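Fold and geometry: a report
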Amino acid sequence: MNRLIRVIYVLLAAAVVNSRMSFAQAPSPRAAPPEPQQQRPRWMVTDPALQAIVTVEAKGRPLRVILAAVSRQCGADLRAAPELGEFRVSLHTGAQPLGTFMARLQDLFGHGRLPGSSSVWERLQEKNRAPRYILRPTPAGVHEEEALRSYPLTAAARWLRELRDYANLPPQRRAEFRSSNPLVHEYLAQNESLTEGILGPVGEAVASLTDEQLTALVTKGRVELPNFSPSPAAVARMRQATQEQPGKVSLPESRDSAALPTGAVLRFGSDTTEEGGYRVTLSFRSGFPRSYPHGIALDTLDVLSRPWDEDALEEAQQREDRPPIDLDRTLTARSVSLPEALNLLARQAGIPIYAEIFPEKPRALRFTRGKPEYLLSRLCQDFGYDWRRVGGDYLVWSKRWAEARAADVPQPLLDRWTNARRVRGRFALSDLLEMVRLSDRQLSTVQTVLGISGPLAPFNANPLRLIGTLPPAQRQAALTPAGAKLTVANDQQMQLLRRVFRRDQIVLPVQVRLQTLPEGVEIRLVDKRGAAPPGWAYLGAEPSQAERRRTSAR
């Protein structure tokens with residue numbers, strides 16, 4: 001692979017991150033490892049009840065529901081602990097012994113680690129009763145999940161420090177440098193400097209950071225560098241980029257192309273809908289150009305597809321011994337969900353698949369023809385997943401599983417809200433007030449699954465959260481023309497008020513007024529300093545149309 005193409009791709013990855021962050025690095029097909037039977041309790045092999053043959057077909061259903069159905073099928077009592085019961089799985093097992101099915105579920109929640117240590121089956125034997133089998137999380141699994149939730153930001157901070165340190169090394173010392181950052185590895189392979197080439201301007205700014213400035217960049221999302229001056233080579237590179245990509249670079253107000261850029265600002269953050277991807281960009285207060293279109297991409301969860309992965313996938317497909325299949329003949333819609341796609345693949349290829357699933361938007365499949373493992377790798381690319389073969393079974397999991405679990409919403413809640421809207425033709429205000437009790441991450445999931453956005457956007461969700469803190473009588477008073485008076489606010493209410501008013505000083509009392517309109521409820525808040533921007537709770541059955549009208553009127 002040409003070195004220039006590889007470096008340009010890594011450095012420009014953030015420029016296409018919005019469309020590509022959903023594609024995982026494709027795992028190449030791999031030989032099946034031996035089954036970790038020696039790690040299983042002996043009863044999982046010898047228990048007569050677990051010799052029953054079961055066949056499980058499920059697309060994105062809660063684990064507790066599936067285990068209840070399997071229990072009815074085979075007569076054994078299988079359950080999941082509450083911490084695991086709501087996790088969604090897609091299963092296409094073929095005919096297998098019950099003990100093998102149980103072992104594969106435990107393997108699945110290891111997310112690629114074999115033997116998995118994040119969950120364990122317990123066999124409870126009580127007098128005069130048949131055994132019960134319960135899948136429980138382990139303390140090690142709970143700790144791993146908590147640690148992985150903070151990993152992306154922690155890794156990004158560490159990688160930025162390594163980039164800074166590498167950029168300041170003299171050439172003769174680069175070979176000694178050790179880093180976990182894939183971008184540093186690319187530069188080390190060629191003994192090149194981060195302050196040269198297409199990334200040179202950003203590399204120079206990163207190289208100038210102190211430890212305190214690095215911390216501020218990651219924690220606050222930006223850092224001012226008033227004393228930083230780009231080198232003549234960096235200025236030339238930025239101006240060349242301005243000419244090559246004029247639509248991506250803001251011109252200075254004076255349009256004086258001779259003015260040197262001054263007052264540098266480094267920005268750090270994620271401009272994607274996926275977890276794990278960050279970008280570092282460079283701009284200036286004055287001079288020409290005011291911003292540089294290329295930034296450092298930090299792909300902490302390995303979710304960006306890279307050009308050189310394509311060759312490996314095609315080569316692996318040539319080695320795969322199964323015949324090719326064609327999913328196009330079974331597709332009934334242009335876009336499909338991952339559970340639907342895995343179901344198609346399992347049926348067409350005749351392979352057992354175990355997958356942990358999270359709510360995501362359906363997508364158009366880019367690759368529908370090929371050998372089974374090749375197509376599975378492509379599905380993982382498109383949805384940000386990975387896979388591993390164990391024996392004759394395939395385990396599939398999200399590369400962002402810890403973050404996705406933090407954003408997950410129990411299926412009973414989603415079903416209840418969906419059914420309520422189906423019966424009434426619209427949401428009730430009480431439905432939205434219940435939704436906004438969730439975290440911001442969970443609200444994003446609700447928006448995806450239920451197809452609503454406006455009422456749950458921050459400028460509407462925070463007023464709704466404030467309304468949710470009012471006692472029923474005060475909420476009823478807010479529906480009158482006079483509204484209700486909020487005179488005593490607890491810490492939660494005061495924090496929400498600051499967000500809604502978009503200022504720190506709130507002068508009590510606050511008048512709370514709810515105005516009902518045909519398509520929903522408008523929320524108005526006023527204190528002695530003035531009114532807050534109105535919030536909006538859309539209740540209609542076609543949220544996208546009304547929300548567009550509402551947004552255009554703001």
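Structure's up top.
Residues numbered from 1 in each chain as written. Predicted model: local features only at pLDDT ≥ 70, side-chain atom pairs only at ≥ 80, totals over all residues. Heavy atoms only, no water.

The N-to-C vectors of helix α7 (residues 139–167) and helix α8 (residues 182–190) enclose an angle of 25 degrees; their axes lie 9 Å apart at closest approach. Relative to α8, the element α7 is oriented roughly parallel. In this structure, α7 uses W159, L163 and Y166 to contact α8, whose residues at the interface are P182, L183, V184, Y187 and L188. In terms of residue class, the contact of α7 with α8 is made up of eight nonpolar, no polar and no charged. (Axes fitted to C-alpha atoms, helices over the stretch in contact; angles between N-to-C directions. Helix = DSSP H or I, 4+ residues; strand = E, 2+ residues; numbered from the N terminus. Parallel < 35°, antiparallel > 145°, perpendicular 65-115°, else oblique. Contact = heavy atoms within 4.5 Å. Nonpolar A, V, L, I, M, F, W, Y, C, P; charged D, E, K, R; others polar.)

Once that is clear, we can look at helix α10 (residues 211–220). Of all the positions in α10, only L214, A216, L217 and V218 are classed as buried. Each element contacted by the buried residues of α10 is listed here: α7, β6 (222–225) and β7 (262–269). Looking one or two residues beyond α10, the residue adopting positive phi is G221, at roughly 90 degrees. (Buried < 20%, exposed > 50% of the residue type's maximum accessible area, 1.4 Å probe, protein only.)

Our focus in this paragraph is the sheet that holds strand β1 (residues 53–62). The sheet built from five strands is open, its strands ordered β1-β3-β12-β16-β15 with mixed pairing. The sheet is open, and its two edges are formed by β1 and β15 (385–390), each paired on a single side. Averaged over all pairs of adjacent strands, the angle between strand axes in this sheet comes to 15 degrees, irrespective of strand direction. Bridge count for strand β12 (residues 353–357) against strand β16 (residues 393–398) is three bridges, and the pairing is parallel. (Pairing = 2+ DSSP bridges.)

A separate point is the packing of α7 against α10. Put simply, α7 and α10 touch, their axes get as near as 10 Å, and they point 145 degrees apart. Where α7 crosses over α10, the two elements pack in a sense that is right-handed. Side by side, α7 and α10 meet where L153, A157, L160, R161 and R164 of the first sit next to D211, L214, T215, L217 and V218 of the second. Taken together, the residues of the contact of α7 with α10 sort by class into six nonpolar, one polar and three charged. (Left-handed = near helix turned anticlockwise from the far one by under 90°.)

What follows deals with the packing of aromatic side chains. In this description, an aromatic ring pair is defined by two values, namely the gap between the centres and the angle between the planes. Tallying each qualifying case throughout the model produces seven aromatic pairs. Positioned above the aromatic ring of F367, the side-chain terminus of R378 is 3.8 Å from the ring centre. (Phe/Tyr/Trp six-rings, centres within 6.5 Å; stacked < 30°, edge-to-face > 60°. Lys NZ or Arg CZ within 6 Å of the ring centre and 35° of its normal.)

All right, on to the environment of P455 then. Inspection of the secondary structure puts P455 in the loop between α18 (440–450) and α19 (458–468). Taking the relative accessible area as the measure of exposure, P455 reaches 1% and is therefore buried. Measuring from C-alpha to C-alpha, the distance between P455 and L432 comes to 7.7 Å, with 23 residues separating the pair along the chain.

Here is a general trend for soluble globular proteins: nonpolar side chains tend to be buried in one another's company. Core analysis: the largest hydrophobic core is formed by 61 residues, its most contacted members being L63, L78, L98, F101, M102, W121 and L345. For this core, the element with the most residues is helix α13 (residues 338–349), which contributes seven residues. In contact with L345, other than residues within four places in its own chain, are I325, L327, G350, I351, I353, P372, L375, L376 and L379. (Core = buried A, V, L, I, M, F, W, Y, C linked by side-chain atoms within 4.5 Å.)

Purely geometric stuff here, so don't read any function into it on its own.
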